[in-house]
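# Summary of structural features
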Amino acid sequence: MMRTIEVSIVILIFAVAFIAATVFAVLPSPRQISSPNLHQLALTTLQVLDENKALTETVFEDLTDQAWTDLEIALAASLPPNIVYNLTVYDMVQVGDTTTYRKFHSITNSESGLGTDSETSSYLVMSTNVTFTVTPQRISGTLYILNCSDANGWWITGYTGQGLASDLYNMLSPYFNTTVMVQNTTDLGRLLDGTKISDSDHENVANAVVINTFGEAVPIPAGYYTTQGYADGSYAKYAYILGQKVNSYNWTWVSIVGYPFYYVTNTVTFASTHNGWGIYGMRMVSGYGLGCFLRGLDGQPYSYISQSTGDVGVVYFSSDAHTYSNYYGIYPSPYQTATRALPSSIQSTYHTTIVSNMFDAVSNYYGAATFKHTGGTGKGAFTAIGLTRTPDIRVTALALLMYYNPAIYKSEFTLTAGERPTQRLIVLQLSQQGGS
Amino acid sequence: MTGVTIDHLVATTAFIAAILVFIGLFTQTLQAAILYQQNRHVSLKASDLLDNILLSPGYPYNWGETNATLSCFGLQHPGESGYALSSFALMRLTSPFGKPVEYPRDSGEWYNNVSLESSGYLFLPIGDCISYETAARLLGVNGTYGFQISITPIVEVLISEYQSNPLILKIEVNGPGFPLSGAALSYYLYRSYKTGQYASIELSSGTVQADSAGVAYLNFAFDGASETYTILVYARLSGLTGLGHYSHKTFDQGAGVMPFVVDYKTGKIYLAHSWDVQDQGTPVPNYFYNATFFIMTKEFEFQEWPIANSTGNINYGGGGGKYYYGETTLPVAHPGFLLVTYGTGNPNEYGMSIMPWGIGTLAVSVTFGDNPAGNVWTATDLRQVTVDQMAYQAKITCWSLQGYQIWNPRRWW
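Residues numbered from 1 in each chain as written. Chains lettered and ligands numbered in written order. Predicted model: local features only at pLDDT ≥ 70, side-chain atom pairs only at ≥ 80, totals over all residues. Heavy atoms only, no water.

It is worth spelling out the overall build of chain A at this point. Looking only at helices and strands, chain A features 13 helices and 20 strands. Of the contacts formed within chain A by residues at least 6 apart in sequence, a portion of 71% connects residues at least 24 apart. Carbon and sulfur atoms form 52% of the exposed surface of chain A, whose accessible area is close to 18,900 Å². (Helix = DSSP H or I, 4+ residues; strand = E, 2+ residues; numbered from the N terminus. Contact = heavy atoms within 4.5 Å. Areas by Shrake-Rupley, 256 points an atom, 1.4 Å probe, with all protein chains shown as cover.)

Bringing the overall build of chain B into the picture now. Counting its secondary structure elements, chain B contains 3 helices and 23 strands. Out of the 413 residues in chain B, the part that is buried amounts to 55%. Taking the intrachain contacts of chain B between residues at least 6 apart in sequence as the baseline, contacts between residues at least 24 apart amount to 64%. Put simply, chain B shows about 17,100 Å² of open surface, and 52% of that area lies on carbon and sulfur atoms. (Buried < 20%, exposed > 50% of the residue type's maximum accessible area, 1.4 Å probe, protein only.)

Right, let's get into the pattern of salt bridges. Pairs may arise between side chains of opposite charge once their charged atoms sit close together. One pass over the full model with this rule turns up 9 salt bridges over all chains. Put simply, Glu6(A) and Arg3(A) hold a salt bridge, and the shortest N to O gap is 3.8 Å. Here Glu6(A) and its partner Arg3(A) are both found in helix H1 (residues 2–24), 3 residues apart, which amounts to about one turn of the helix. Linked through salt bridges whose partners overlap, the residues forming this network are Asp51(B), Asp381(B) and Arg383(B). (Salt bridge = Lys/Arg side-chain N within 4 Å of Asp/Glu carboxyl O.)

Time to look at the environment of Asp91(A). Residue and element names in this part refer to chain A. Mapped onto the fold, Asp91 is located in strand E1 (residues 83–95). Judged by relative accessible area, Asp91 falls into the buried class, the value being 16%. Separated by 14 residues in sequence, Asp91 and His105 place their C-alpha atoms 9.1 Å apart. Beyond its immediate chain neighbours, meaning those up to four positions away, Asp91 contacts Thr100, Tyr101, Arg102, Phe104, Thr422, Gln423 and Arg424.

Moving on, we get to the interface of chain A and chain B. At the junction of the two partners, chain A supplies 54 residues and chain B supplies 58 residues. When chain A packs against chain B, close to 4,600 Å² is buried across both sides, 65% of that on carbon and sulfur atoms. Taken together, the connections running from chain A to chain B amount to 9 residue pairs in polar contact (both at pLDDT 80 or more). Counting residues per element, the ones that place at least two in the side of chain A that touches chain B are H1, helix H2 (30–33), helix H3 (38–49), helix H4 (54–59), helix H5 (66–78), helix H6 (161–172) and strand E6 (176–182) of chain A. The greatest single-element share of the side of chain A that touches chain B, amounting to 11 residues, is contributed by H1(A). (Buried area = accessible area lost by both parts, 1.4 Å probe. Polar contact = N/O pair within 3.5 Å; in protein donor to acceptor, adjacent residues only side chain to side chain.)

Each packed pair of helices is defined by two parameters, the angle between the axes and the distance between the axes. Residues and elements named next belong to chain A. Two elements in contact, H6 and helix H13 (residues 393–404), have axes separated by 10 Å at closest approach and are oriented at 40 degrees. Viewed along their axes, H6 and H13 adopt a mutual orientation that is oblique. Crossing geometry of H6 relative to H13 is assigned as right-handed. Where H6 abuts H13, its residues Leu164, Asp167, Leu168, Met171 and Leu172 lie against Ile393, Arg394, Thr396, Ala397, Leu400 and Leu401. Residue composition of the contact of H6 with H13, grouped by class: 8 nonpolar, 1 polar and 2 charged. (Axes fitted to C-alpha atoms, helices over the stretch in contact; angles between N-to-C directions. Parallel < 35°, antiparallel > 145°, perpendicular 65-115°, else oblique. Left-handed = near helix turned anticlockwise from the far one by under 90°. Nonpolar A, V, L, I, M, F, W, Y, C, P; charged D, E, K, R; others polar.)

All names here are of chain B. A residue-level look at chain B finds 96% of positions with pLDDT of 70 or above and a mean pLDDT of 86. Strand E16 (residues 302–305) is the least confidently modelled element of chain B, averaging 82 in pLDDT, while strand E10 (residues 215–219) averages 95, the highest of any element. Across residues 409–413, where pLDDT falls below 50, the model places 11 contacts with residues more than four positions away in sequence or in other chains. Prediction confidence for the complex, expressed as pTM and ipTM, is 0.70 and 0.85 respectively. (pLDDT = per-residue confidence, 0-100.)

Here we come to the nonpolar core. Across soluble globular proteins, nonpolar side chains have a tendency to be buried as a group. Among the nonpolar cores identified, the biggest contains 172 residues, and Trp253(A), Phe73(B) and Phe147(B) are the most heavily contacted of them. At 8 residues, the largest contribution of residues to this core is made by H13(A). Setting aside residues no more than four positions away along its own chain, Phe73(B) makes contact with Ile53(B), Ser56(B), Gly58(B), Trp63(B), Leu93(B), Ile130(B), Ala135(B), Leu138(B), Leu139(B) and Phe368(B). Core analysis: the next-biggest nonpolar cluster, separate from the first, contains 52 residues, Leu49(A), Ile426(A), Ile154(B) and Leu382(B) among them. (Core = buried A, V, L, I, M, F, W, Y, C linked by side-chain atoms within 4.5 Å.)

Moving on, we get to the sheet that holds strand E22 (residues 379–387) of chain B. All names here are of chain B. If you trace the 5 strands from one edge of the open sheet to the other, you get E1-E22-E23-E5-E21, paired in mixed fashion. Across the chains shown, the open sheet's two edge strands, defined by having one partner strand only, are strand E1 (84–85) and strand E21 (366–369). Summarising the sheet, strand E5 (residues 145–153) and E21 pair through 4 bridges and their orientation is antiparallel. Bridge pairing in E21 places Ser150 opposite Thr367. (Pairing = 2+ DSSP bridges.)

A few words now on the sheet that holds strand E2 (residues 101–102) of chain B. Residue and element names in this part refer to chain B. Read from one edge to the other, the open sheet built from 3 strands follows the order E2-E3-E4, with strand pairing classed as antiparallel. Looking at which strands have only one partner, the edges of the open sheet turn out to be E2 and strand E4 (123–125). As paired elements, strand E3 (residues 110–113) and E4 share 3 bridges and run antiparallel to each other. Looking across to E4, one finds that Asn112 is bridged to Leu124.

Next up on the list: the layout of surface pockets. All names here are of chain B. Approximately 660 Å³ is the volume found for the second largest pocket. Residue lining of the second largest pocket: 29 residues in total, with Glu117, Pro153, Ala363, Val364 and Ser365 positioned closest to the centre. Of all the secondary-structure elements, those providing two or more residues to the lining of the second largest pocket are strand E6 (156–163), strand E12 (240–248) and E21. Per-class residue counts for the lining of the second largest pocket are 17 nonpolar, 10 polar and 2 charged. (1 Å grid on protein atoms, 1.4 Å probe; cavity = no way out; pocket = protein on both sides within 12 Å on 5 of 7 lines; lining within 4 Å. Points joined across faces, edges and corners; volume = space filled by probe spheres on them.)

So, about helix H7 (residues 185–192) of chain A. Within an α-helix, residues lying three or four positions from one another point in the same direction, as the helix has 3.6 residues per turn. Residue and element names in this part refer to chain A. Summarising burial for H7: 6 of the 8 residues are buried, a large majority. All buried positions along H7 are accounted for by Thr185, Asp187, Leu188, Gly189, Leu191 and Leu192. The inward-facing, buried residues of H7 abut strand E5 (139–146), E6, strand E8 (217–219), helix H8 (224–228) and helix H9 (236–248). Following H7 by one or two positions, Gly194 has its phi on the positive side, about 90 degrees.

All names here are of chain A. The buried fraction of helix H10 (residues 288–297) amounts to 9 of the 10 residues, a majority that puts the element mostly inside the structure. Every buried residue belonging to H10 is among Gly289, Leu290, Gly291, Cys292, Phe293, Leu294, Arg295, Gly296 and Leu297, and all of these are buried. One or two residues past the end of H10 sits Gly299, with phi positive at roughly 75 degrees.

A separate point is the packing of aromatic side chains. Centre-to-centre distance and the angle between the planes together describe a pair of aromatic rings. Counted according to the given criterion, the structure contains 51 aromatic pairs over all chains. Ring-pair connections join several aromatic residues into one group, and the members of that group are Trp63(B), Phe73(B), Tyr132(B), Phe147(B) and Phe368(B). Looking at Lys237(A), its charged tip hangs above the ring of Tyr302(A), at a distance of 5.6 Å from the centre. Sitting above the plane of the Phe222(B) ring, Arg191(B) keeps its charged end 4.2 Å from the centroid. (Phe/Tyr/Trp six-rings, centres within 6.5 Å; stacked < 30°, edge-to-face > 60°. Lys NZ or Arg CZ within 6 Å of the ring centre and 35° of its normal.)

Here it is as structure tokens:
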């Protein structure tokens, strides 16, 4: 009987141990096991609502303003239905080294409170009177960027003409009234004929800027320009026609890298020929392209004449380039390697004047400069970036802006003397309801 | 002696029975605790995985704008911080829902199909899309965790025809919680009209405000039933933004002109005849199309962007494996939408197709990942994100593929 009693005692101990384990080792509720990360949800909700500075503007509005009601609606609409919130805005007051937080306003969709099982995120905003904005002056002409899908590039190693065109668009379009991408050589042909190629009312063929993003190659339209642009066994005459067009339309032609007009490109017309280096869709013109272009720009009769460039090694920013680099906030390296620099002599030979010079001349060669045609009616300009590959489009953008020099209008702080910028802290507290 | 023996037998039997019972009871408690622990781990993994995906642009960082091979997976917009996603990276995700489309028929070339409503199409070559298996491998969860992520607009803008003649359209603006009462609505209605061989589009735009139920009505002075039009409505309230679109066409014998993205890297688009996608019987008409591309500005306005070969004529089935199509190029990395209006040559037979270029401009939803159905335990988490300045919600569903009480197609673990 003793054994049975002992075993009964053991069973009793087991039972007590089990009950104790069950009572004290409480498993968390399913909600605690897996609940949305409310901290991150709160933070991302505040960030989304402030995507266009709408939240910042609202929290500095008067409490009677409709914006507060809109904020309540936006919060309720953006959060899942089982999430309740409390958004509190605090004024930050700095006295000496001490910052105190004073409650400014609070909105909630749970009058009974959020309970203890809630999470918060905070978000600091600054009043709009310390917002700094930059607005560039618009250049009146149209910016055309050659983005021809039927052309290949050369000396733009690692890039495509289309990729560079896209980057140039992002960088320069804020400075121009209208920017038009020339999507293929057919459009380029229409443009050379003086026809608008977009539906924009602001597009103007005259006084435009044309950027060739294909490096040393220039796209050539099939048909008229391929036939008329061919003479002396070369397409150098096409470059001559381009020079004429630049003059007659008063364009600024921009070459972004290397030897300008060294090749012509059309992937359909020249599908079976290559440029001498294995790139099909391209024909070599060599230095005759530049020579003929400058003759066309100057209104001289066509002649199959070459124009040399110079390999001058490292070139350094001119003082103007330093100034404009800071002014426009565009910072390419202040020293570059120029292996296709244009000589000073083209000023006298082709009646041009250097109106903006990006790099100090080396042995009378200019690494990147804009040559304004001054002969005859004085129309047309040529921005030549004679640097070695690979191209840095920031150099192109800066060279162009140096030439046109659009103003940058910067907003000023509206704070009066002694006034401090106002900061407010937004705290969003979220909690789940139901199903605990 | 007999009493002692019985005492021993009873005691031993009771002891063994008690041991067995309590082992069972304690094991149940321990099993529950282990299971809870595993589930907690899955929940944390879901949150980590979501942040990993949303806060990294991946590598190459601009992979969404090229057809480059991925070596690191992430959806963050390159060059931006926080929860701003790349609308082009989202385009390259293989949809688990849309049935792939073969174009041209019987060619063996398949396209990922992100189905849109109301004449909206988004087809990308499957070879250019990122599969779930690739993403799981790059995220380091292949074989250990499964997931599905859905990126959906926070604000839903529903457009329906309320009255046909004169046309009245009903706009409903809702969030996941409540309607967006008082939201400011901007609308852009593009209507087809014939000017020559090719149809053109005429724009009507304006602004209205939703009422307290998030509803607004747009009145137009034409008969909606006899006109072909596409309308986009952009809603905004206190930083929340959303967009909806709706199309109506007078030509209804087939899908008409269907845009296909054939080269993601260069933005090359084919405008296909629907007969070359699905045989609806013959004869079917030629389509004279006019394609227009619009980009969305930072001020949320749609601005036309000139594109190559914007007009053309598409015949169907050339025979002998030959197919006709129009071809154009969209600007890489510039989000917008392609609107194609087409006519058959017969009076008042027009249609419209619309294709997003980057998912944000048409507020397209994207779902990516494996199917969570059948898993015993799934954890979810969500974040608010932006895509092309549009407010979206990113929701992940995650489950474990290893461990105790895990179902896989072969057996229970």
